[in-house]
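# Examination of the molecular architecture
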Amino acid sequence: MISVYHYLILSAIIFSIGTFGVLTRKNAIVIFMCIELMLNSVNLTFIALSRHLQNMDGQIFVFFVMAVAAAEAAVGLALMIAFYRNRESIDTDDFNMLKW
Amino acid sequence: MLSILFYLFATVAIFSAFYVTKARNPVNSALCLVTTFICFAVLYITLDAPFMAAIQIIVYAGAIIVLIIFVIMLLNLGTAVKKRYTHALAWGAALSVIMLFITNTFIRRGVPTGKLGDVTTQMIHSYGHTELIGMALFTEFLLPFEIASILLLVAIVGAIILSKRQV
């Protein structure tokens, strides 16, 4: 029988994979995708616990997380296009304009 | 039956999530991300949340992934060179394994209890999941809902300003 622990451990695994991707990749778009992965694993935790506790508030939280993720995607990808226009690359090694 | 479904989709989700971090070509990463999102939508259905599954497919697999693939193809990104990220690999892997271990111990040690609400399976089936979400969203969470709409408006304006050539 599938309990709430199965869902929690699945989302912990997915969150760790997302962290691994954020720490190891250099392409900014892939890092962005790994952040989406982490957001999704947290959404799974919210829905599993909301089902377990028979309460609707967790799913409302997931709704707002999705709204924020959509806004983040729009602004983040616009930032990447603006950066690419300056540097012709989106490697995180090239994000050094504020260094001196 | 339900456990077979859970293990199948959990395995597919884990493997495709891992391939998101490993694929050289960003387009392959994006397609694997779609697979992960669809597996998550199936898991939401097993959790009696069909509205959340629909939103997951529409917003994530529909809107956000299309935006990401659009940007990847607009920037014409090539495949990553292999030697460029080997140095951080060990540290990143060690840190994420430690994090997985810590969260695992906390999940196994604790018991998720609390005050039980009134949304039972029988109530979801008689009212409908969308009706319950809408009822909570437009009564108890009305102010956060309006703030979210303002946030989306600000994001639209910000994206247009950022991608203009000269402000």
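Every value quoted in this text rests on a predicted model; they were computed, and no experiment measured them.

## Overview of the interface of chain A and chain B
Each partner contributes residues to the interface: chain A has 67 residues there, and chain B has 87 residues. Here chain A and chain B share an interface that buries about 6,900 Å² over both sides, 77% of which is from carbon and sulfur atoms. On inspection of chain A and its partner chain B, the count reaches one salt bridge. The interface formed by chain A and chain B contains twelve residue pairs in polar contact (both at pLDDT 80 or more). Breaking the side of chain A that touches chain B down by element, the ones donating at least two residues are α1 (4-24), α2 (28-52) and α3 (57-87) of chain A.

## Some points on the domain arrangement of chain B
Residue and element names in this part refer to chain B. Parsing chain B into structural domains produces domain 1 (1-81) and domain 2 (119-167). Taken over C-alpha atoms, the centre of domain 1 sits 22 Å from the centre of domain 2. Facing the five residues of domain 1 at the interface are six residues of domain 2. Both faces combined, the contact of domain 1 with domain 2 buries some 440 Å², and carbon together with sulfur accounts for 71% of it. The largest per-residue losses of area from domain 1 upon contact with domain 2 belong to Asp48, Phe51 and Met52, which jointly make up 85% of the total buried on that side. Linking domain 1 with domain 2 are zero salt bridges, by the criterion used here. At the boundary of domain 1 and domain 2, one finds one residue pair in polar contact (both at pLDDT 80 or more). A per-class count over the side of domain 1 that touches domain 2 returns four nonpolar, no polar and one charged.

## Let's talk about the side chain of B:His129
Of note, B:His129 is situated in helix α6 (residues 129-139). Non-local contacts of B:His129, meaning those with residues more than four positions away in its chain, are made with A:Met56, A:Gln59, B:Asp48, B:Ala49, B:Pro50, B:Phe51, B:Met52 and B:Ile124.

## Focus: the packing of aromatic side chains
Applying the stated criterion to the full structure yields nine aromatic pairs over all chains. Between the aromatic rings of A:Phe63 and A:Phe64, the centroid separation amounts to 5.9 Å while the plane-to-plane angle is 85 degrees, which identifies the pairing as edge-to-face. Here A:Phe63 and A:Phe64 have matching classes, each one buried. Here the aromatic cluster, defined as three or more aromatic residues joined through ring pairs, consists of A:Phe63, A:Phe64, B:Phe138 and B:Phe145.

## Here we look at the side chain of B:Thr21
Relative to the assigned elements, B:Thr21 resides in helix α1 (residues 2-22). Using a relative accessible area of 1% as the deciding quantity, one classes B:Thr21 as buried. Among the polar contacts made by the side chain of B:Thr21, one reaches the main-chain carbonyl oxygen of B:Phe18 at a distance of 2.7 Å. Each residue touching B:Thr21, except ones within four places of it in the same chain, is listed here: A:Ile17, A:Phe20, A:Gly21, A:Arg25 and A:Cys34.

## Let's talk about helix α2 (residues 26-46) of chain B
Taking 1.5 Å per residue, 21 residues should reach 30 Å; α2(B) reaches 31 Å between its end C-alpha atoms and fits that length. Within two residues after α2(B), B:Asp48 carries a phi angle of roughly 60 degrees, on the positive side.

What counts, and at which threshold
- Residues numbered from 1 in each chain as written.
- Chains lettered and ligands numbered in written order.
- Predicted model: local features only at pLDDT ≥ 70, side-chain atom pairs only at ≥ 80, totals over all residues.
- Heavy atoms only, no water.
- Contact = heavy atoms within 4.5 Å.
- Buried area = accessible area lost by both parts, 1.4 Å probe.
- Salt bridge = Lys/Arg side-chain N within 4 Å of Asp/Glu carboxyl O.
- Polar contact = N/O pair within 3.5 Å; in protein donor to acceptor, adjacent residues only side chain to side chain.
- Helix = DSSP H or I, 4+ residues; strand = E, 2+ residues; numbered from the N terminus.
- Domains from an automatic or database assignment.
- Nonpolar A, V, L, I, M, F, W, Y, C, P; charged D, E, K, R; others polar.
- Phe/Tyr/Trp six-rings, centres within 6.5 Å; stacked < 30°, edge-to-face > 60°.
- Buried < 20%, exposed > 50% of the residue type's maximum accessible area, 1.4 Å probe, protein only.
- Expected span 1.5 Å × (residues − 1).

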